[in-house]
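Here is what each chain is made of, one letter per residue.
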Number of protein chains: 2
Amino acid sequence: MGRPAFIGIDWGNTHRRAMLLAADGSLLAQHADGQGMLACEGRFGPALQALLQIWPEAHEVPVVMAGAIGSINGWQEVPYVDARTPLRDLPAHLVPLRDEAFRGRCRLVPGVCLEGEGGQVDVMRGEETQLLGALELLGDAASDGWYLLPGTHSKWVRLEQGAVVAQRTYMSGELFALLRDRGSLAAWMQDASGWDDAVFERAADELSDDALSQALFTVRARVAAHRMPGSDVPACVSGVLLGAEWRDLQRHGRPDGAVRLIGEPALVRLHTLCARRAGVAVQALDVQQVQLKAWQALMKPR
Amino acid sequence: MGRPAFIGIDWGNTHRRAMLLAADGSLLAQHADGQGMLACEGRFGPALQALLQIWPEAHEVPVVMAGAIGSINGWQEVPYVDARTPLRDLPAHLVPLRDEAFRGRCRLVPGVCLEGEGGQVDVMRGEETQLLGALELLGDAASDGWYLLPGTHSKWVRLEQGAVVAQRTYMSGELFALLRDRGSLAAWMQDASGWDDAVFERAADELSDDALSQALFTVRARVAAHRMPGSDVPACVSGVLLGAEWRDLQRHGRPDGAVRLIGEPALVRLHTLCARRAGVAVQALDVQQVQLKAWQALMKPR
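Residues numbered from 1 in each chain as written. Chains lettered and ligands numbered in written order. Predicted model: local features only at pLDDT ≥ 70, side-chain atom pairs only at ≥ 80, totals over all residues. Heavy atoms only, no water.

Caption draft 1: Molecular detail of the overall build of chain A. Per the secondary structure count, chain A includes ten helices and 14 strands. Over its C-alpha atoms chain A spans a radius of gyration of 20 Å, differing by no more than 12% from the 19 Å that the globule rule assigns to 302 residues. Seen through its principal axes, chain A has C-alpha atoms that stretch 65 × 40 × 40 Å. Counting every position in chain A, which comprises 302 residues, the buried fraction comes to 57%. The contacts of chain A with a sequence gap of at least 6 include a subset with a gap of at least 24, amounting to 64%. Carbon and sulfur atoms provide 49% of the accessible area of chain A, an area that totals close to 12400 Å². (Helix = DSSP H or I, 4+ residues; strand = E, 2+ residues; numbered from the N terminus. Rg over C-alpha atoms; globule rule 2.2 N^0.38 Å. Buried < 20%, exposed > 50% of the residue type's maximum accessible area, 1.4 Å probe, protein only. Contact = heavy atoms within 4.5 Å. Areas by Shrake-Rupley, 256 points an atom, 1.4 Å probe, with all protein chains shown as cover.)

Next comes the structure, spelled out in structure tokens:
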């Protein structure tokens, strides 16, 4: 077993996932918890300290952090790099954490900003690190194409020659959570035990052509008019939200190859159902493997 | 001044508006409060009692209630009438309130359900009463056409010969409130003091063509990338949501006449901005006058 040499932390809005690596890049240990950026309520130093104390044997190894922690609402805002920056150059763009207690030890990965015509702007933080890992995993020759990273903010990213050339983000996960917790659909969204894939798929097909805010009301109208049981609401709302992403894909042109999926298995499964109906091939990448590859690339001395 | 003869209550999800009418239909008094269906938490009897006690001189007059109070989540679910039912026939479809304490005195207005091709379902509760009032106000000959009743659930309704022939509802107001109170845009949505109509109109133009869940993320991305001040977020999100309604109108065909607006002045103003950009004429109807006309029609003995 190698000696600890590096800690990588994917510190997002709601979750935090850390990996401890040896000098040869092998994974020594990992840890995940719910101490995301929002849960820390600004007390980032103590939160990081508590995490690092899990691995006392690694009390001096360098730490690299990616994700929302470097955002405008995070610990230290790290300027985005332009999307034309090759992802493999990310190690050269790490930014030292200014906090006195960790100075010299911690660095942050910058997010990526893509600006298109007509003021179109899209950004990512954390996903650029996973995409770097995917590049490492697939190799340069095979890595061109579309990637889908579902979650709170579902990201569709097109890579060409190792750089981001197109990017669209959908607030699907966030809208699902908001609608589940409050409002006129919440009463039926708390309990997903009646989940039915057929309901999800039908909603993705039928309702995604409507404006999203109309499709969501249609879900309510069906229940209110006793045309659909309330137990179908979670699958139906999920179908509306994810279906809107796939419907949008048709407007922007069909992917020329398989869409690579990087995300939680439950979401990957639902997107795979959508892909099948859209006649698009998918390739699910192992999130943990992708993340490990990313940290390996970021720990290399330059 | 006439003697009290009738009480009409528009009892919605979040608000309650009551009018006391004399036998000749003139308005004697009115009352509005925040004791909507949700605030009552199931204690509808005491809530109604408290309202009626405001007018002790009217302790025996009939009461008619419209709105969410008759919904699946309300006091007593009243089956919808089919949309082909002429709105002028609504007085014949009132349903007695079963509650012992009010038996014989209170009746509920049924909502309207429209079923279209392909399982399309839309429903209204409360708006059918306002539309009846609009019919009374405008007269049969002039009442055909589109009506827009903005709010928590923004309703576009087409009347022909006094009946609902098309209906589309958008969750615009509800989504705005959910995004304002929680989630990744909330930090910038609490304070609308920086509201700028130009930002609202630009968002309605530019972002409404994207999928709604993507347009909402674009708002966040613009702030995160310092391309837009956070103070522009409320107007921008509002533009995305209302713009989506007007964009949808273009897909479904331009209205042949003026769109009649029935709603709060602030929302009517924003929709009037959208209408101007879409080149569509609007006619704002006075909500209070519409509601009074409705109660006059519903109090007539049949």
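Caption draft 2: Just the pattern of salt bridges, in detail. Residues and elements named next belong to chain B. Scanning the model with the defined rule gives 32 salt bridges over all chains in all. The salt bridge partner of E201 is R276, with a shortest N-O separation of 3.9 Å. Here E201, found in helix α6 (residues 197-206), pairs with R276, found in helix α9 (residues 265-278); they are 75 residues apart in sequence, far enough to count as distant. On the basis of relative accessibility, which here comes to 58%, the residue R276 falls in the exposed class. (Salt bridge = Lys/Arg side-chain N within 4 Å of Asp/Glu carboxyl O.)

Caption draft 3: Quick peek at the pairing of strand β10 (residues 145-149) of chain B. Residues and elements named next belong to chain B. Counting buried positions along β10 yields five of five residues, so the element is predominantly enclosed. When β10 meets strand β11 (residues 154-160), the two strands line up antiparallel, connected through five bridges. Following the sheet pairing, Y147 is matched in β11 by V157. Here β10 runs beside strand β13 (residues 259-261); their pairing, made up of two bridges, is parallel. (Pairing = 2+ DSSP bridges.)

Caption draft 4: Looking closely at the interface of chain A and chain B. With 48 residues of chain A at the contact, the number on the chain B side is 48 residues. A buried area of about 4300 Å², summed over both sides, lies between chain A and chain B, and 57% of it is on carbon and sulfur atoms. At the junction of chain A with chain B, the criterion picks out four salt bridges. Taken together, chain A and chain B are joined by 14 residue pairs in polar contact (both at pLDDT 80 or more). Of all the secondary structure elements, the ones that give two or more residues to the side of chain A that touches chain B are β8 (112-115), β9 (121-124), β12 (163-170), α4 (172-181), α7 (212-224) and α8 (233-252) of chain A. (Buried area = accessible area lost by both parts, 1.4 Å probe. Polar contact = N/O pair within 3.5 Å; in protein donor to acceptor, adjacent residues only side chain to side chain.)

Caption draft 5: Structural detail: the relation of the copies chain A and chain B. Rotating chain A by 180° and translating it 0.0 Å along the rotation axis places it on chain B, where the RMSD comes to 0.0 Å. What the superposition gives is, in effect, a two-fold axis relating one chain to the other. Of the interface residues in chain A, 100% have counterparts in chain B that sit at the interface too, so the contact is made through matching surfaces. (Least-squares fit on C-alpha atoms with pLDDT ≥ 70 in both.)

Caption draft 6: Fine view of the environment of A23 of chain A. Residue and element names in this part refer to chain A. Structurally, A23 is set in the loop between β2 (16-22) and β3 (27-33). A23 gets classed as exposed once you look at its relative accessible area, which sits at 64%. Along the chain, A23 and K300 lie 277 residues apart, while their C-alpha atoms are 9.2 Å from each other. A23 has contacts with R3, A5 and M299, leaving out every residue within four places of it along the chain.

Caption draft 7: View of the pairing of β8 of chain A. Residues and elements named next belong to chain A. As judged from the two bridges shared by strand β5 (residues 81-82) and β8, these two strands associate in the parallel manner. Each bridged residue has a counterpart across the sheet, and for V81 the counterpart in β8 is V112. As paired strands, β8 and β9 are joined by four bridges and run antiparallel to one another. Bridge assignment links C113 to a residue of β9, and that residue is V123. In this structure, the hairpin formed by β8 and β9 is closed by a connection of five residues, where G118 is found at a positive phi of approximately 65°.

Caption draft 8: Broad picture of the nonpolar core. If you look at the biggest cluster of nonpolar residues, it comprises 102 residues, and the most contacted ones within it are V237 of chain A together with V237 of chain B. With near-sequence residues (within four places) excluded, V237 of chain B lies in contact with F176, L179, L185, M189, L216 and V219 of chain B. L90, V164, I262 and L292 of chain A belong to the second largest nonpolar core, which has 32 residues in total. (Core = buried A, V, L, I, M, F, W, Y, C linked by side-chain atoms within 4.5 Å.)

Caption draft 9: Layout of the packing of helix α7 (residues 212-224) of chain B against helix α8 (residues 233-252) of chain B. All names here are of chain B. Running from amino to carboxyl end, α7 crosses α8 at an angle of 165°, the nearest separation of the two axes being 10 Å. In terms of their interaxial angle, α7 and α8 are classed as roughly antiparallel. The chirality of how α7 crosses α8 is right-handed. Here L212, A215, L216, V219, R222 and V223 of α7 lie close against α8, whose contacting residues are V233, C236, V237, V240, L241 and A244. Grouping the constituent residues of the contact of α7 with α8 by class yields eleven nonpolar, no polar and one charged. (Axes fitted to C-alpha atoms, helices over the stretch in contact; angles between N-to-C directions. Parallel < 35°, antiparallel > 145°, perpendicular 65-115°, else oblique. Left-handed = near helix turned anticlockwise from the far one by under 90°. Nonpolar A, V, L, I, M, F, W, Y, C, P; charged D, E, K, R; others polar.)

Caption draft 10: Region of the structure containing the side chain of E174 of chain A. Take E174 of chain A: it is sitting in helix α4. This buried residue, E174 of chain A, is left without a salt bridge; R220 of chain B holds the nearest opposite charge, at 6.7 Å. (Lys, Arg positive; Asp, Glu negative; His and termini not counted.)

Caption draft 11: Quick peek at the sheet that holds strand β8 (residues 112-115) of chain B. Reading across from one edge, β5-β8-β9 (chain B) is the order of the three strands in this open sheet, with mixed pairing throughout. Where the open sheet ends on each side, the last strands, each with one partner, are β5 (81-82) and β9 (121-124) of chain B.

Caption draft 12: Looking closely at the packing of aromatic side chains. Per the stated rule, a full pass over the model turns up 14 aromatic pairs over all chains. Centre to centre, the rings of W75 of chain A and F102 of chain A are 5.8 Å apart; their planes meet at 90°, and the pair counts as edge-to-face. Note that W75 of chain A is positioned in the loop between β4 (63-66) and β5 and F102 of chain A in the loop between β6 (95-96) and β7 (106-108), a separation of 27 residues in sequence. With respect to class, W75 of chain A is no different from F102 of chain A; both count as buried. The rings of W11, F44, W75 and F102 of chain A are connected pair by pair, giving a single aromatic cluster. Its guanidinium or amino end placed over the ring of Y80 of chain B, R125 of chain B lies 4.2 Å from that ring's centre, counting from NZ or CZ. (Phe/Tyr/Trp six-rings, centres within 6.5 Å; stacked < 30°, edge-to-face > 60°. Lys NZ or Arg CZ within 6 Å of the ring centre and 35° of its normal.)

Caption draft 13: Structural detail: the sheet that holds strand β7 (residues 106-108) of chain B. Residue and element names in this part refer to chain B. Spatial ordering of the open sheet is given by β3-β2-β1-β4-β7-β6, a layout of six strands whose pairing is mixed. Both edges of this open sheet fall to β3 (27-33) and β6 (95-96), since each of them pairs with a single strand only. Examined bridge by bridge, strand β4 (residues 63-66) and β7 share three bridges and lie parallel to one another. Bridged to V64 within β7 is R107. Against the sheet, helix α2 (residues 44-52) makes contact with β1 (4-11), β2 (16-22), β3, β4 and β7, and its axis sits at roughly 135° relative to β1, the strand it touches most.

Caption draft 14: Looking closely at the side chain of D210 of chain B. With respect to the element layout, D210 of chain B can be found in the loop between α6 and α7. What D210 of chain B contacts, discounting residues up to four positions off in sequence, is Q120 and R251 of chain A together with A215 of chain B.

Caption draft 15: Representation of helix α3 (residues 127-138) of chain B in the model. Residues and elements named next belong to chain B. Its twelve residues give α3 an end-to-end C-alpha distance of 16 Å, which sits within 8% of 16 Å, the value for a rise of 1.5 Å per residue. In terms of burial, α3 is a largely internal element, nine of the twelve residues being buried. E127, E128, T129, Q130, L131, L132, G133, A134 and L135 are the residues of α3 that are buried. Buried residues in α3 make contact with β4, β8, β9, β10, β11 and α10 (287-299). Once α3 finishes, G139 follows within two positions and takes phi at roughly 85°, a positive value. (Expected span 1.5 Å × (residues − 1).)

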